[in-house]
Amino acid sequence: MLVKTYGSAICGIHATTVTIEVSVTRGVNFFLVGLPDSVVRESQQRIESALLSIGLHLPGKKIVINMAPADIRKEGSAYDLPLAIGIMAASGQIETCLSDKFLLLGELSLDGSLQPVRGALPIALQAKEDGFQGMILPLQNAAEAAVVNDFKVLGVSGLKEVVAFLTGKSNPAFFDPSQAHSVGNDEISSTDFSEIRGQETVKRALEIAASGGHNVLMIGPPGSGKTMLAKRLAGILPPMTLQESLETTKIHSVAGKLQRNFGLITQRPFRSPHHIISEVALVGGGSRPMPGEISLAHHGVLFLDELPEFKRSVLEMMRQPLEDRNITISRVGYTVNYPASFTLIASMNPCPCGYYNHPEKACI
């Protein structure tokens with residue numbers, strides 16, 4: 001018997017719908033094809049244990065699973081749920097007519113519970129565009145997916161709830177977007193630009209930078225307030241538009257930075273990486289492509305404290321993103337593009353000891 005379920009693959013901050021075709025026939029074997037990585041191939045053991053936990057079983061027959069399109073690499077554990085539902089339906093253990101109307105997403109634990117995954121928001125946006133009625137995913141990811149208008153989102157805590165819904169044995173309520181909280185930056189929320197006393201020249205410069213989107217370099221001795229001023233800049237930037245909030249939230253969703261039960265990011269991000277940061281951590285990439293700090297600061301502020309302490313190679317890699325407002329990462333196995341439109345604020349001491357031209361302390 002052949003059954004189709006649907007998952008999704010992330011490339012950059014965009015998603016591609018993946019059709020999972022499951023065929024169960026006579027024989028004894030398990031084949032998983034369609035360019036899956038090692039994490040996806042390991043799903044067989046997780047699925048087998050999860051099925052046993054809800055009173056079902058992995059059929060002792062020949063199981064062939066194809067993940068199309070086959071030229072896109074399938075990475076991560078989010079395919080556990082659609083694979084499990086496909087196996088159960090193809091083996092005749094459940095009957096459902098909803099598998100082609102809902103996109104499935106979730107990592108299975110051995111006890112059948114669902115663990116949160118990355119990229120729920122871009123996947124939900126693509127699923128709606130592809131004509132799906134809604135999606136079923138872990139409860140922890142429901143808030144960010146529910147941001148999409150006129151799209152049903154069912155957050156569940158375990159495989160048993162998914163089976164009950166797909167077989168018509170339960171009629172759970174879909175996630176109410178009003179239950180989601182907007183995401184802010186606690187550090188920014190607790191600071192205010194109006195709290196600054198003095199520093200009139202610097203404040204004027206930062207106000208111009210905030211209004212015009214200019215980059216700023218602050219030079220001064222230790223304790224002069226450079227970090228304090230930089231942290232308060234994000235608070236006077238213009239409010240985020242809906243499109244900016246969606247773009248920023250998609251990046252943080254793909255990076256797995258969104259908190260549970262939180263939806264849109266409505267405050268401009270403030271990122272302050274340590275000076276020992278690597279090139280990949282700053283601009284993004286890696287064996288499994290992930291956004292870097294410059295993309296996590298999209299539509300917000302990237303603060304580089306003690307600028308001369310950063311490696312030269314790290315600073316040189318920021319030339320192109322500062323000009324083009326995006327970063328394209330090309331490797332042998334992939335090419336991804338991440339947006340990186342941020343305001344760069346940097347600070348440094350005027351000399352190694354920090355007291356050159358200080359009115360009271362001597363430079364050593």
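Anyway, here's the lowdown on the structure attached to this text. All of these numbers come straight from a predicted model, not from anything done at the bench.

### Describing the sheet that holds strand β9 (residues 152-156)
1) Next: On the basis of which strands lie adjacent, the open sheet formed by three strands has the order β5-β8-β9 and parallel pairing. The sheet is open, and its two borders are formed by β5 (102-104) and β9, each paired with just one other strand. Across the sheet, the mean angle from the axis of one strand to that of its neighbour is 25 degrees, orientation sign disregarded.
2) Next: Summarising the sheet, strand β8 (residues 134-138) and β9 pair through five bridges and their orientation is parallel. In the sheet register, G134 faces β9, and the bridge partner there is K152.

### Focus on the nonpolar core
1) Next: By size, the foremost hydrophobic cluster in this structure holds 40 residues, and its most contacted members are I65, I85, I136 and L159.
2) Next: Leave out the neighbours within four places in its chain, and I136 touches L81, F102, L103, L104, L105, L154, V156, V162, F165 and L166.
3) Next: Core analysis: the next-biggest nonpolar cluster, separate from the first, contains 26 residues, I13, I251, A297 and L302 among them.

### Things to note about the sheet that holds strand β19 (residues 343-348)
1) Next: One open sheet accounts for four strands, arranged β11-β19-β16-β13; its pairing is parallel. Each end of this open sheet is capped by a strand with a single partner; those strands are β11 (216-219) and β13 (270-271).
2) Next: Strand direction decides the pairing type here: β13 and strand β16 (residues 301-304), joined by two bridges, are parallel. Opposite F270, over in β16, you have V301 as the bridge partner.
3) Next: Along the sheet face, helix α9 (residues 226-233) touches β11, β13, β16 and β19 and points at about 170 degrees away from the line of β19.

### Details of the packing of aromatic side chains
1) Next: The tally for this structure, following the rule as stated, stands at five aromatic pairs.
2) Next: Between F165 and F174, the aromatic rings sit 6.0 Å apart at their centres with planes inclined by 85 degrees, giving edge-to-face as the arrangement.
3) Next: On the accessibility criterion, F174 (29% relative accessible area) is partly exposed.
4) Next: Grouped by ring-pair contacts, the aromatic residues F102, F165 and F174 constitute a single cluster.

Rules used in this analysis
Residue numbers restart at each chain and count upward from 1, following the sequence in its written direction. Thresholds applied to this predicted model are a pLDDT of at least 70 for local features of residues and 80 or more for the giving and counting of side-chain atom pairs; totals over whole chains, interfaces and linings are not thresholded and use all residues. Note that water and hydrogens are dropped before the side-chain values are worked out from all heavy atoms of the structure. Any two strands with at least two DSSP-identified bridges between them are counted as paired. Per the convention used, a helix needs a DSSP run of H or I reaching at least four residues, while a strand needs a run of E reaching at least two, with both numbered from the N terminus. Every axis corresponds to a line fitted to the C-alpha atoms, with the helix fit spanning only the stretch in contact, and the corresponding angles, defined between N-to-C directions, vary from 0 to 180 degrees. Residues enter a nonpolar core if they are buried and are Ala, Val, Leu, Ile, Met, Phe, Trp, Tyr or Cys, with the set joined through side-chain atoms within 4.5 Å. Only protein chains enter the accessibility calculation, which uses a 1.4 Å probe. A residue is then buried if its area is under 20% of the maximum for its type, exposed if over 50%, and partly exposed in between. Only heavy atoms enter the contact rule, under which two residues are in contact if any of them lie within 4.5 Å. Pairing of aromatic rings covers Phe, Tyr and Trp, the last through its six-membered ring, and needs centres within 6.5 Å; plane angles under 30 degrees mean stacked, over 60 mean edge-to-face, and all others mean tilted.

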